[in-house]
Amino acid sequence: MSDQQAPLLEVENLRVSFATPTGPVEVVKGLSFTLGREERLGIVGESGSGKSMTGRAILRLIRTPGRQTADVLRFDGLELAAQSARQMRGIRGARISMIMQDPKFSLNPVMTIGEQIAEALKVHERLPRRDLQARVIEMLTSVRINDPERVAQMYPHEVSGGMGQRVMIAMMLIPRPQLLIADEPTSALDVSVQAQVLDLIEELVTGNGMGLILISHDLNLVARYCDRILVMNAGRVVESCAAADLHKAQHPYTQGLLAAQPRMQETRDELPVLDRTAGEST
Amino acid sequence: MTAPAISLKDVDISYGDTKVVRDVTFDVAEGESFALVGESGSGKSTVLKAIAGLAPQWTGAISVLGKPRGHGPDRAFSETCQMVFQDPYASLHPRKTIDTVLSEPLAIHGIGNRSAKVIEMLAAVGLDRRFRFRFPHQLSGGQRQRVAIARALMLEPKVMLLDEPTSALDVSVQAEILNLLKRLRREQGLTYLMVTHNLPVVSFMCDRMAVMNKGRIVEIAPKTALYDGSFADPYTRDLYAASGGNPDAPAPLAASDT
Amino acid sequence: MSTRDWLLDDSPATLTQANLGRAWRMFTALMRNPLAVAGMVIILLLLATALFAPWIAPESPVGQNLQARLLPPSADHWMGTDELGRDIFSRVVYGSRITLMIVALVAVISAPLGLIIGAVAGYFGGWVDRILMGLTDVFLSLPKLILALAFVAALGPGIENAIIAIAITAWPAYARIARAETLTFRNAEYIQAVRLVGGSHGRIIFRHVLPLCTSSMIVRVTLDMAGIILTAAGLGFLGLGAQPPLPEWGAMISRGRTFILDQWWVATMPGFAIILVSLGFCFLGDGLRDVLDPKQGGAK
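Structure report, in brief. The model shown is predicted, which means the values in this text are computed figures rather than measured ones.

Moving on, we come to the packing of helix H3 (residues 98–108) of chain B against helix H5 (residues 141–153) of chain B. Residues and elements named next belong to chain B. Relative to each other, H3 and H5 sit at 20°, their axes nearing to 8 Å. The orientation of H3 with respect to H5, classified from their angle, is roughly parallel. As for how H3 packs across H5, the hand of that crossing is right-handed. The segment H3 lies against H5, with Ile98, Val101, Leu102 and Pro105 engaging Val147, Ala150 and Arg151. Here the contact of H3 with H5 is composed, by residue class, of six nonpolar, no polar and one charged.

Shown next as structure tokens:
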């Protein structure tokens, strides 16, 4: 571990662009932020805002024809941009993990859940078989799966969406990473399961002293689970504020987003609509 | 009192050998906006499909505007009742222009003056005339959903079945589509039966709701129940709480912190 | 406004402009693929050769000249002469007409047949699917050339019967593809939407399902062209296809086989033609796949 005062993640002037027949299109336009140790940061935006690309760029997962550049992309004192592809593989999973949107597409359908979780651990640590098994069961228990021995023997199609996402979380957290990036971890799940999964992520993140980047389109959800929020629109951060101050948002885009959401006690006859005439529209 | 716009009585629906919906009974009055609320697997979309004729294995009685429904889609029915699907990326044929999509219902029913009707409908759903000969991939999600709504309205139906019409859209686009649906209902005197999992959307769009869980309706409540959480059924109360509804601390916006 | 701008207009004013614009975009995408361009050049060359054969060929394809038997390639006879003194170059040039006819007829017969059978089976499912696919499986389980052989043997040798035989053996593969494609979108919401506005099954199959199958079908047929040419050549080689003196490439190779050790050019020259044209279709098919079916082609 390097010195404890430095932030966990520093990003300065991150840019991601994609080459198209009509020239490069920039989807992340000079993003800068820092993430403190044990801080929970939310990145909010609508589709096309570049929020998911930001998450991937941190792990250097942008594939051709995409290109990413950054003045600084430092994780725990380590310049990620300078790492070789092989070193990056060692960092991904072991020190920075990512949870994707839909567990259905992220789990291997022909491997049992236990094997997949063990695999995630084996890549980064050498352990005797019995310990490995014990760690898997322990991890499944910690994501509140009842009867972990049985679930470890099951295949991904045999579990529900909520349980699948918990398995994903177990897989991502078993190497004990320092930073967890969760990209829309619950948007494929039902409301009642969403809260359980997010509570679980929150508990594990705070319990293990990890950093969290929660990427979502849902302002209120991010506000509930994060300390600080970045609101992105068209590749840029338009607003950065403490989660508790979200309702005091200054930027018209953030205000527009908040207002456009129907409320439980809805009395408005018409929802205010964002003015799309300025800047890029969807 | 006139016949209800949609009436279901003791409807059971199966897929193959498994019964997915049991004992569903409800009436939707003409001009009303009614929501079917539930989580995935609750059978809410299946009810919609059975009414539309896309889930033919059902027993019981379904009638629309006083006429009993058959088990498949039929032409006469298509003029009274239409459906808008959930995913605007899957509900438009990838190789057909918007014009073709919108003229097709008219062509099938032998209605003339198509060109003028298409232009008129594009305007009604708030799409510029420039979109008329574009292909779906040249449109955004919100624009596609407008086209899907326009297609459903081409035959001037009185009853619209809406299957999560905004759940695949961004919040700001959702607001536009919900406003559009609300305006169309007011202007054309439509009856809506809307399936959704989003309670705030119900609060904005609907007058009453039926809450479904595991293939059964557990509660039918007026929209005002969303204001104070006065639900009778424990499942509904859980759903209400999980959706952020809490009578003690009103909407997150109004509250000081959450 | 130039034609190009008109074609690439984002908001076309008519249906024709929209369709032409899409075709133009595909064409330019195809033009960016060098192999596809090479394939297209070869196919165009074949078309031109077939069209202008009488002007290109220096001699008649059937005119015999027993004094000039088995001459090696020279300035007079670019590809040499065969055992009856016929100019091989002229025969190869005229042979392109036969090849083109075979290819076109097989495509015209078997692709639509396979397409419709596959789409109907996939769309309806159930027993319709089981019967149609059972039939397809029967045809698929027999080796193509053997089946064609059996048909030709039953119908009698000749180029027309060879074409019919190849067409009959080619459709099951297309039916399979069309069915698989149809299964992926038969429950799609845009198909259900047409049912809801009262569209009949026939309308859905012909107007909505078939157009979606055609692009993969075009790719597949183009790629299969090489195989069709080879099967036709094989039948010709076995003496069951085109009959003498028709200058069919396979039959020419068959005749040249006797002299292959001493007069190699007799069998080799039509062989080159077969290879070149097959290659042309393969290149074009690969290019078309990248343009029409981006999901199947490798990442570009």
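That was the structure; now back to the text.
With two pairs of chains in contact, the largest contact count belongs to chains A and B. There is no contact between chain A and chain C; across them, the least C-alpha separation is 9 Å.

What follows concerns the pairing of strand E8 (residues 191–196) of chain B. All names here are of chain B. In terms of burial, E8 is a largely internal element, six of the six residues being buried. Summarising the sheet, strand E3 (residues 33–37) and E8 pair through five bridges and their orientation is parallel. Residue pairing in the sheet places Ala35 in a bridge with Met194 of E8. Remark: the strand E7 (residues 159–163)/helix H6 (residues 171–188)/E8 crossover connection has right-handed handedness.

Another point: the sheet that holds strand E5 (residues 67–68) of chain B. Residue and element names in this part refer to chain B. Reading across the sheet, the four strands line up as E2-E1-E4-E5 and stay open at both edges, with antiparallel pairing between neighbours. Single-partner strands in this sheet number two, and they are strand E2 (18–28) and E5. Strands strand E1 (6–15), E2 and strand E4 (58–64) of the sheet are contacted by helix H1 (residues 44–52), whose axis makes an angle of about 110° with E1.

Quick look at the interface of chain B and chain A now. Residue-level contacts link 32 residues of chain B with 27 residues of chain A. Mapped by element, the contributors of at least two residues to the side of chain B that touches chain A are H6, helix H7 (199–205), helix H8 (225–228) and helix H9 (234–242) of chain B. A total of seven residues in the side of chain B that touches chain A trace back to one element, the largest contributor, which is H6(B). Here the side of chain B that touches chain A is composed, by residue class, of 16 nonpolar, 11 polar and five charged.

Reading the values: the criteria
- All chains use their own residue numbering, which begins from 1 and follows the written sequence.
- All chains are assigned letters beginning at A, and all ligands numbers beginning at 1, according to the order in which they are written.
- Residues qualify for local features only when their pLDDT is at least 70, as the model is predicted, and side-chain atom pairs are given and counted only at 80 or more; totals for whole chains, interfaces and linings, by contrast, use all residues.
- Axis geometry follows a simple rule: fit a line to the C-alpha atoms, using only the stretch in contact for helices, then measure angles between N-to-C directions, giving values from 0 to 180 degrees.
- Helix and strand labels come from DSSP, where a helix needs a run of H or I of at least four residues and a strand needs a run of E of at least two; each type is numbered from the N terminus.
- These descriptions rest on fixed angle ranges, namely under 35 degrees for roughly parallel, over 145 for roughly antiparallel, 65 to 115 for roughly perpendicular, and the rest for oblique.
- In this scheme the crossing of two helices becomes right-handed for a clockwise turn of the near helix relative to the far one and left-handed for an anticlockwise turn of less than a right angle.
- Placing C-beta atoms from the backbone, we regard two residues as in contact once those atoms come within 7 Å.
- In the scheme used here, Gly and all other residues not listed as nonpolar or charged are polar, with Ala, Val, Leu, Ile, Met, Phe, Trp, Tyr, Cys and Pro taken as nonpolar and Asp, Glu, Lys and Arg as charged.
- Think of it as a crowd count around each C-beta: if 20 or more other C-beta atoms lie within 10 Å the residue is buried, if 12 or fewer it is exposed, and in between it is partly exposed, with C-beta placed from the backbone throughout.
- Pairing between two strands requires that DSSP report at least two bridges joining them.
- A right-handed crossover is one whose linking path, passing over the helix from the first strand to the second, runs clockwise when the strands point away from the viewer.

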